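Structural description and commentary
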Amino acid sequence: NTAIVWFRRDLRLEDNPALAAALRQQAAIVAVYIHAPDEEAPWQPGAASCWWLHHSLQALRLALRERGVELQLRCGDSAEQLAALVRQCGADAVYFNRLYEPAIAARDRRVARELKALGCALHGFNASLFADPWEVETGQGTPYRVFTPYWRNLRARLKPRPGSAAPRRIAAVALDGNAALDDLKLLPAIRWDTGLHEAWLPGEAGAHEALADFCDAAVRDYAAKRDYPAQAATSRLSPYLHFGEISPQQIFWRLEELAQQRGQAFREMAEPFVRELGWREFSHHLMHHFPQTPKKNLNPQFDKFPWRDTDRAQLQAWQQGRSGIPIVDAGMRELWHTGWMHNRVRMVVASFLCKNLRQHWRHGARWFWDTLVDADLANNTQGWQWTAGTGADAAPYFRIFNPVSQGERFDADGSYVRRWVPELARQPFKSIHAPWKQPALLSQSGYPAPLVDLAESREAALAAYQQMKA
Ligand code: FAD
């Protein structure tokens, strides 16, 4: 018997439930990746995600080839491509791991219907979350809107377990008609991606390297240092998790193995990190139950908020790291250069855009979508709605981050700002987060004056909030 394993964002061989299930059937395998970005509209992968995907597919293709399987690459309508493969190789089943974005879930339902009509079974698995988003519910059977009780419920169910090992050898079916990776046209025509190459190693091996590095050192001080952007204190596993090059269960199991060696104190130290994986689950829970949220405020009261959306020049200055607010510009330049930004700084740049500049969070979410290597519809939507105050369990709108005091607190010596905003390298320590206080130095540096006065724009935002409530 022959089975198709339909790879999507589960680009790994270890702990891959769809692959493991197909192999358990002792089937000869056809492994396929279908490039159909339009089926994800309006959230087709952005430019940085496409870069990552190219390299991740390359890594998966090599790993499969070493085991005797050629990854089939196809472009175009997923249902048609799978149907053609089923006819070509006589497969009686397709195995895949579930995704939860509304457009993809709808596409998968259509694919299931079309394959069923051909007499081919479709078997779906959960490979990317601790629990499917519909499994956790309140006592009343409703979705959660508040993180803490959600996490309490999910955390109590979590059990560390080892995943399936990567197969050594796979019986494969040879097929013609394979596309070349370059045919997917995932790499940018203008090579802006040097910084991404320097920062990342996409693929399953890169994921395990990042996890090992984190477990060797940073995990111990995660709770104390995770908010300091100049320190390498977080795992940087987000793009690997997004593309399914590693699963939360694998991470959880590795932490458990270490806890068994190092004792209960290690388990307790790792818990704040596990809780962040919980936020990722919560985001997926929200996206599943409130599928409109990537474009609409979860809290409809904000539909009447007087955004100042017409100022394209201000939006562009924010995007390009020229807002004149050092910590904001450092973050936006880190993002542009590496495809990633530290979580604390994501909150600060988002608050500045939505509150001080009063631009709709959707503009920020779109820019992140195109530039982040970890762009993820669930996490990005939740991150933006949380910061803008429009989401579930969100920061209240009136709590407006002051980017100067955030900088002084979390980048006290200014090293993060100095790294990403070299114009400010000569600013004295005391004014690195507010260089306008040294007008003579500022004018020599070539660094712009702030787009807005922080105190005035804060007052204006609060007034707009009152206007909405009235
Ligand atoms: P760690 O601190 O090591 O955390 C481990 C993992 O937990 C992360 O890899 C991530 O999968 C998950 N996680 C951590 N924090 C959060 C969080 N607040 N919400 C959901 N999951 C979390 N994360 C994305 O993966 N993709 C996005 O598109 C994204 N957009 C964001 C937009 C905004 C405005 C904000 C405020 C946050 C966003 N986040 C997003 C969440 C968070 O910033 C990143 O997950 C985190 O910075 C990734 O770095 P890390 O892997 O070192 O995280």
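A quick note: this is a predicted structure, and the numbers were derived from the prediction, not measured. (Residues numbered from 1 in each chain as written. Predicted model: local features only at pLDDT ≥ 70, side-chain atom pairs only at ≥ 80, totals over all residues.)

**Quick notes on the overall build of the chain**
This is how the line gets drawn: Under the scheme used here, helices are H or I runs from DSSP no shorter than 4 residues and strands are E runs no shorter than 2 residues, and both carry numbers assigned from the N terminus. Atoms considered for the radius of gyration are the C-alpha atoms alone. The globule rule reads 2.2 Å times the number of residues to the power 0.38. Any residue whose C-beta has 12 or fewer other C-beta atoms within 10 Å is treated as exposed, any with 20 or more as buried, and any in between as partly exposed, C-beta atoms being built from the backbone. Remark: residues whose backbone-derived C-beta atoms lie within 7 Å of one another are considered to be in contact.
Across its full length, the chain carries 20 helices and 5 strands. What you see for the chain is a C-alpha radius of gyration of 23 Å, in line with the 23 Å of a compact globule of 470 residues. Projected onto its principal axes, the C-alpha positions of the chain cover 75 × 50 × 50 Å. Per-residue burial over the chain gives 44% buried out of 470 residues. Within the chain, counting contacts between residues at least 6 apart in sequence, those at least 24 apart form 78% of the total.

**Concerning the environment of Trp6**
If you trace the backbone, Trp6 turns up in strand β1 (residues 2-7). Taking C-alpha positions, Trp6 is 8.8 Å from Leu19, a pair spaced 13 residues apart along the chain. Contact partners of Trp6, with chain neighbours within four places excluded, come to Val32, Leu82, Val94, Tyr95 and Phe96.

**Notes on the sheet that holds strand β2 (residues 28-35)**
In plain terms, the rule: At least two DSSP bridges between two strands are needed for those strands to be called paired. Axes here refer to lines fitted to C-alpha atoms; in helices the fit is confined to the stretch in contact. Angles between the N-to-C directions go from 0 to 180 degrees.
An order of β3-β2-β1-β4-β5 is seen for the 5 strands of this open sheet, with the pairing classed as parallel. Looking at which strands have only one partner, the edges of the open sheet turn out to be β3 (72-75) and β5 (121-125). Strand-to-strand, the axes of this sheet are offset by a mean angle of 25 degrees, without reference to chain direction. Here β1 pairs with β2 via 6 bridges, running parallel. Note on β2: the bridge partner recorded for Trp6 is Val32.

**Notes on the UniProt feature "domain: Photolyase/cryptochrome alpha/beta" (unreviewed entry) in the chain**
Defined as follows: UniProt positions are given in the numbering used here, feature names are shortened, and annotations may be inferred rather than shown by experiment.
When the UniProt feature table is mapped onto this chain numbering, "domain: Photolyase/cryptochrome alpha/beta" (unreviewed entry) sits at residues 1-130. The span residues 1-130 is 43% helix and 22% strand, and its two end C-alpha atoms sit 31 Å from each other.

**A word on the pairing of β5**
Successive side chains on a regular strand alternate, one facing one side of the sheet and the next facing the other. Rules: Look down the strands so they point away from you; if the path from the first strand over the helix to the second goes clockwise, the crossover is right-handed.
As defined by bridge partners, strand β4 (residues 93-97) adjoins β5 across 5 bridges and the pair is classed as parallel. Paired with Phe96 across the bridge in β5 is Gly124. Read as a crossover between parallel neighbours, the route from β4 over helix α4 (residues 102-117) to β5 is right-handed.

**What to know about the environment of Leu357**
Mapped onto the fold, Leu357 is located in the loop between α14 (343-356) and α15 (361-371). Taking the C-beta count within 10 Å as the criterion, Leu357 has 24 such neighbours and is therefore assigned buried. Measuring from C-alpha to C-alpha, the distance between Leu357 and Asp309 comes to 8.9 Å, with 48 residues separating the pair along the chain. Contact partners of Leu357, with chain neighbours within four places excluded, come to Gln314, Trp318, Phe352, Leu451 and Val452.

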